[in-house]
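A look at the structure
Here are the chains, one letter per residue:
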Amino acid sequence: MTVDLHTRYLGLELRSPIVASASPMGQKIDTILRMQEAGIGAVVLPSLFEEQIEHEAMQLHGVLDLAADAHPEALTYLPELEDYTTSADAYLRHLEACAHELEVPVIASLNGITVGSWIAQAKRLENAGAHALELNVYFIAADPDETADRVEARYVELVEAVRAEIRIPLAVKIGPFFSSVGHMAHRLVAAGADGLVLFNRFMQPDIDLETMTIDPALHLSSSAELLLPLRWIGILRDRVRASLALSSGCHTAEDAIKGLLVGADVVMLASALLHAGPEHVGTIEAGMTTWMAEHDYGSATELRGAMSMANVPNPVAYARANYARLVTNYVSPYDWRMTDTGARS
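Residues numbered from 1 in each chain as written. Predicted model: local features only at pLDDT ≥ 70, side-chain atom pairs only at ≥ 80, totals over all residues. Heavy atoms only, no water.

Another point: the overall build of the protein. Of regular secondary structure, the protein possesses 14 helices and 13 strands. Going through the 345 residues of the protein one by one, you find that 47% of them count as buried. Of all intrachain contacts in the protein linking residues separated by at least 6 positions in sequence, the fraction that spans at least 24 positions is 72%. Here the protein has roughly 18500 Å² of accessible surface; of this, 55% comes from carbon and sulfur atoms. (Helix = DSSP H or I, 4+ residues; strand = E, 2+ residues; numbered from the N terminus. Buried < 20%, exposed > 50% of the residue type's maximum accessible area, 1.4 Å probe, protein only. Contact = heavy atoms within 4.5 Å. Areas by Shrake-Rupley, 256 points an atom, 1.4 Å probe, with all protein chains shown as cover.)

Another point: the pattern of salt bridges. Tallying each qualifying case throughout the model produces 12 salt bridges. For the salt bridge of Arg34 with Glu279, the shortest nitrogen-to-oxygen distance reads 2.9 Å. With Arg34 in helix 1 (residues 29-38) and Glu279 in the loop between helix 9 (271-276) and helix 10 (280-294), this residue pair connects regions lying 245 residues apart in the sequence. A relative accessible area of 41% means that Glu279 is categorised as partly exposed. For the salt bridge of Arg163 with Asp194, the shortest nitrogen-to-oxygen distance reads 2.7 Å. On the criterion of sequence distance, the pair formed by Arg163 in helix 5 (residues 148-165) and Asp194 in the loop between helix 6 (181-191) and strand 9 (195-198) is long-range, its members being 31 residues apart. Residue classification places Arg163 among the buried residues on the basis of a relative accessible area of 19%. The partly exposed category is assigned to Asp194, whose relative accessible area is 32%. What you see here is one network of salt bridges that share partners, running through Arg237, Asp238, Asp265 and Arg304. (Salt bridge = Lys/Arg side-chain N within 4 Å of Asp/Glu carboxyl O.)

With the rule as written, the count across this model stands at four aromatic pairs. Their ring planes at 75 degrees and their centres at 5.1 Å tell us that Tyr155 and Phe178 sit as a pair that is edge-to-face. Of this pair, Tyr155 sits in helix 5 while Phe178 sits in the loop between strand 8 (170-174) and helix 6, and the two are 23 residues apart along the sequence. Per residue, the accessibility class of Tyr155 equals that of Phe178, and both read buried. (Phe/Tyr/Trp six-rings, centres within 6.5 Å; stacked < 30°, edge-to-face > 60°.)

With that settled, consider the packing of helix 1 against helix 3 (residues 87-101). Contact geometry of helix 1 with helix 3 gives a least axis separation of 11 Å together with a crossing angle of 30 degrees. On the basis of the axis angle, helix 1 is roughly parallel to helix 3. The interaxial crossing formed by helix 1 with helix 3 has right-handed handedness. On the side of helix 1, the interface is formed by Ile29, Ile32 and Leu33, while helix 3 contributes His94, Ala97, Cys98 and Glu101. (Axes fitted to C-alpha atoms, helices over the stretch in contact; angles between N-to-C directions. Parallel < 35°, antiparallel > 145°, perpendicular 65-115°, else oblique. Left-handed = near helix turned anticlockwise from the far one by under 90°.)

Side chains Val266 and Met268 of strand 13 (residues 266-269) all project onto a buried face; the interleaved residues Val267 and Leu269 project onto the opposite face, where all are buried too. In the sheet, strand 3 (residues 18-20) pairs with strand 13 via three bridges, with the strands oriented parallel. The residue of strand 13 that forms the bridge with Ile18 is Val267. Here three bridges tie strand 12 (residues 243-247) to strand 13, and the two strands are oriented parallel to one another. When the bridges of strand 13 are listed, Leu246 appears paired with Val267. (Pairing = 2+ DSSP bridges.)

Attention shifts here to the environment of Thr2. Locating Thr2 in the fold gives a position in the segment before strand 1 (7-9). Using a relative accessible area of 73% as the deciding quantity, one classes Thr2 as exposed. The spatial distance from the C-alpha of Thr2 to the C-alpha of Asp296 is 10.0 Å, given a sequence separation of 294 residues.

Turning to its location among the elements, Glu285 is positioned in helix 10. Of the side chains bearing the opposite charge, Arg15 lies closest to the buried Glu285, which forms no salt bridge; the N-O distance is 6.2 Å. Once you skip the residues sitting within four places of it in the chain, Glu285 turns out to touch Leu5, Ser16, Ile18, Ala38, Gly39 and Ile40. (Lys, Arg positive; Asp, Glu negative; His and termini not counted.)

Turning our eyes to something else, we now look at a negative patch on the surface. A cluster of like negative charges, contributed by Asp206, Asp208, Glu210 and Asp215, occupies part of the molecular surface. Along the chain, Asp206 falls in strand 10 (residues 206-208). (Patch = residues over 30% accessible without salt bridge, like charges linked within 9 Å, V, L, I, M, F, W, Y side chains within 5 Å. Charge placed at Lys NZ, Arg CZ, Asp CG, Glu CD.)

Our next topic: the pairing of strand 6 (residues 106-111). In terms of burial, strand 6 is a largely internal element, six of the six residues being buried. Here strand 6 shows a buried face lined by Val106, Ala108 and Leu110 and a second buried face lined by Ile107, Ser109 and Asn111. Summarising the sheet, strand 4 (residues 42-44) and strand 6 pair through two bridges and their orientation is parallel. Across the sheet, the residue bridging to Val44 is Ile107, located in strand 6. Examined bridge by bridge, strand 5 (residues 48-49) and strand 6 share two bridges and lie parallel to one another. Residue pairing in the sheet places Phe49 in a bridge with Asn111 of strand 6. As judged from the five bridges shared by strand 6 and strand 7 (residues 132-136), these two strands associate in the parallel manner. Following the sheet pairing, Ala108 is matched in strand 7 by Leu133. Viewed along the sheet, the connection from strand 6 through helix 4 (residues 121-127) into strand 7 turns out right-handed. (Right-handed = clockwise from strand over helix to strand, strands pointing away.)

As structure tokens, this is what we get:
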């Protein structure tokens, strides 16, 4: 049977639910074109960071003020304003090129944690041709004096500020560390988010025991990390009026199918592409269509949400019952090896 993978995300029509997440894979247009050829549904460009924008603004301000009180003739030695290029300018040129060259939607990405002048870049990204904007809120609540209410308010204020700058769809990428993820999802949507990306992977620094230093290495995800976003998308499906994107842990066709089954509109790839290359998109989609045909699913629309928690009256009771059953009946590998069956095998 013919399988239709078309889907909608942020109001955009996509040919596939497989989306390239913000990662170094989006830095070169040649690589992005290879992903497009392999069947990608949309591409999220790497993030432009608040710190980059603010730092460059301060540097430029310093250059312009350098000779403000000098002899008027000295001003002629300063370069013209147009001669100063920043990483924000380079990002805009890359975005413009991608929007011009690609046939699939291009989603720009801003990464920040405070409301400030840098948010004005959102409008520039829209004007440069972005079909949508992903706001990546990479915030570690490390201050013990900052309350949970204040942390949540920070997110809401940031979303409201960015929403006020643009008309294109806005997705918000968040981490899972909220007291009530569901309530926070509702607050973000009320603040102007058209979609939620679940979840952000926060860098987990390690310790080098030989040098006794912090090792900030970035470790790629694995399919084991899929379980957390699976749970929350399954819970939130049909409970929030927003698109849902699954991020973290999608590496195989089976992973992508599970994401759609719990209710994701799209599943995002980063580590899988960094590990296997752009053509891995085609491998995943081929596996998806084969499985869907074998199980009589004719489209991504039919598959989406078939196993969400939308029809479970009490998700809390359901989760606790399953947890109790597993813990009560669990047999550890050690105990299993000590049994006659384990010994014989």
